[in-house]
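One-letter residues, chain by chain:
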Amino acid sequence: MTPLRILIHAIGSAGDVHPFVGIGRALQARGHEVFVITSGHFEHLVTSAGLGFRMLGTAEDFKQAQEDKDLWHPRKGFPTIVRRAMNPSYEPILTHARELQLPGKTVMLASSVALGTRNASELLGIPFATVHLAPSLFPSIYRQPVLHGMPFGQGAPRILKSLQWWIAAKVVDFHVLPGLNRFRKHLGLPPARDVLHDWWNSPDRVIALFPDWFAPPQPDWPPQTRQTGFPMFDESGMRPVPPGLLEFLHAGEPPVIFTPGSAMTGGHSFFEEAVEAMKLTGRRGILLSPFETSIPKDLPPNVRHFAYVSFGEILPRAAAMVYHGGVGTCAQTLRAGIPHLIQPMAHDQLDTLSRVRDLGVGDGLHPHQFKAARIAANLELLLDDPAVSRRAKEVAGKFDPAGWLCETCKLIEAMTTGSPAPLPPCVGCGREAATMIDGKAWCVDCFHECGSCCAGDE
């Protein structure tokens, strides 16, 4: 097809930016020109991947946001993202889009909180896709995401689920709309409304970057949603292997890997408990963090620290993964076929834990439970359970990263036609389908008729 210019607007930590770099490389390999618009913190990563780069906030801005303790608070985390990342992004996203657009040959991709992309799309007439990396970003009254502060669980009546999502939407609007609508008023655009249920989803296309066996699509997801799979980019082969890593891996049994996430500056207690757990079990462990001050002094011989190792290189050689519940780390652990132990703190992490439990490949401990004795006991249970090992290997066999990435690229390329990628007719009534469930097409009317049975909710 005609080469396109793809503008990728990515806001977040390494776990948020890595997938877009992976997609960008795949699009570039298909003959397109790709620019990634993200924090200056990731400039080296983007340019090393051979992609164009435009800055969205400085590396110092990123560092200050990382060091904000509220970023990992269950209730304060989202307002902190709005204040430090979303509100400052609206002007530069528009400026870069104006500079880079090629009429009729430009497509934009936006990460979930890159809301300024929609402003640019409306003003400049550029089609764009919202890309959601996690199922927690899709509100639903069927198989609903598990999030901090949600009073009604999965078994609650749908009327109560609807009520709590209405409240959640009002909270999101309270934090997002003032800054967003001030900027839109300045541009002469009408005010945005209902961010959670409508506005942050592109009317052109929504791409869910996770497979349906991890999170089946639900009847009340946006009808323009198309689901592919995990992007799986993690800088494998782009960085040198840290000194001493291979020697440690070859010196004994597979280690347990511990990481609280690449943006977690305050992980000292996490790693302290991890070290004590390894002492209790006698197992070998690896601590992953770029923040040296988070690592306890005088590590025992069976525990080593490394600033960064790509998951694709280390997890196939690991016994288990203990982490914060980020969906990218979860995907890499699922692909490696090893058990998960999750300590969820904020954002999408509780929902990731719920899906790992659904798959039967791991368990979790909340922060107040994350103590050495319980870590050790849970790890032993997971590592000694043949059902967990068998299920983890079964899930690993479901991975098709190359196929998923190819399908994602095709969805992006098809956007220049101005119409969504076609679906087969609904298997229930024969009319135009709205989504795919277990490989079959269904429309909204049929969901209304037969309720949740089509989505496997009951």
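Higher on the page you've got the structure.
Rules and cut-offs
Residues numbered from 1 in each chain as written. Predicted model: local features only at pLDDT ≥ 70, side-chain atom pairs only at ≥ 80, totals over all residues. Heavy atoms only, no water. Helix = DSSP H or I, 4+ residues; strand = E, 2+ residues; numbered from the N terminus. Buried < 20%, exposed > 50% of the residue type's maximum accessible area, 1.4 Å probe, protein only. Contact = heavy atoms within 4.5 Å. Areas by Shrake-Rupley, 256 points an atom, 1.4 Å probe, with all protein chains shown as cover. Pairing = 2+ DSSP bridges. Axes fitted to C-alpha atoms, helices over the stretch in contact; angles between N-to-C directions. Core = buried A, V, L, I, M, F, W, Y, C linked by side-chain atoms within 4.5 Å. Polar contact = N/O pair within 3.5 Å; in protein donor to acceptor, adjacent residues only side chain to side chain.

1. Section: the overall build of the protein chain
Broken down by element type, the protein chain carries 17 helices and 15 strands. Within the protein chain, the fraction of its 458 residues that count as buried is 55%. In the protein chain, of all internal contacts separated by at least 6 residues, the share reaching a separation of at least 24 is 60%. In the structure as shown, the protein chain presents an accessible area of about 19300 Å², 56% of it carried by carbon and sulfur atoms.

2. Structural notes on the sheet that holds strand β13 (residues 362-364)
Taken together, the 6 strands give an open sheet; going across it, the order is β10-β9-β8-β11-β12-β13, and neighbouring strands pair in parallel fashion. On the outer flanks of this sheet lie β10 (303-306) and β13, each paired with one strand and no other. Recorded for the sheet is a direction-independent mean angle of 15° between the axes of neighbouring strands. Inspection of the sheet shows strand β11 (residues 320-323) paired to strand β12 (residues 340-342) by 3 bridges, in the parallel sense.

3. A look at the nonpolar core
Judged by nonpolar contacts, the single largest core of 70 residues is most densely connected at I6, F214, F230, I286 and L334. In terms of residues, this core owes the most to one element, helix α1 (residues 14-29), which gives 7 residues. Residues contacting F230, with those up to four places away along its chain left out, are L209, F210, P211, W213, F214, V327, A331, L334, F399 and W404. Counting residues in hydrophobic clusters, the runner-up holds 35 residues, among them A168, A169, F183 and A192.

4. Some points on the side chain of R143
Relative to the assigned elements, R143 resides in the loop between β5 (128-132) and α7 (158-187). We classify R143 as buried; its relative accessible area is 18%. A distance of 3.2 Å separates the side chain of R143 from the side chain of S354, its partner in a polar contact.

By themselves, these are just geometric observations and shouldn't be taken as functional.
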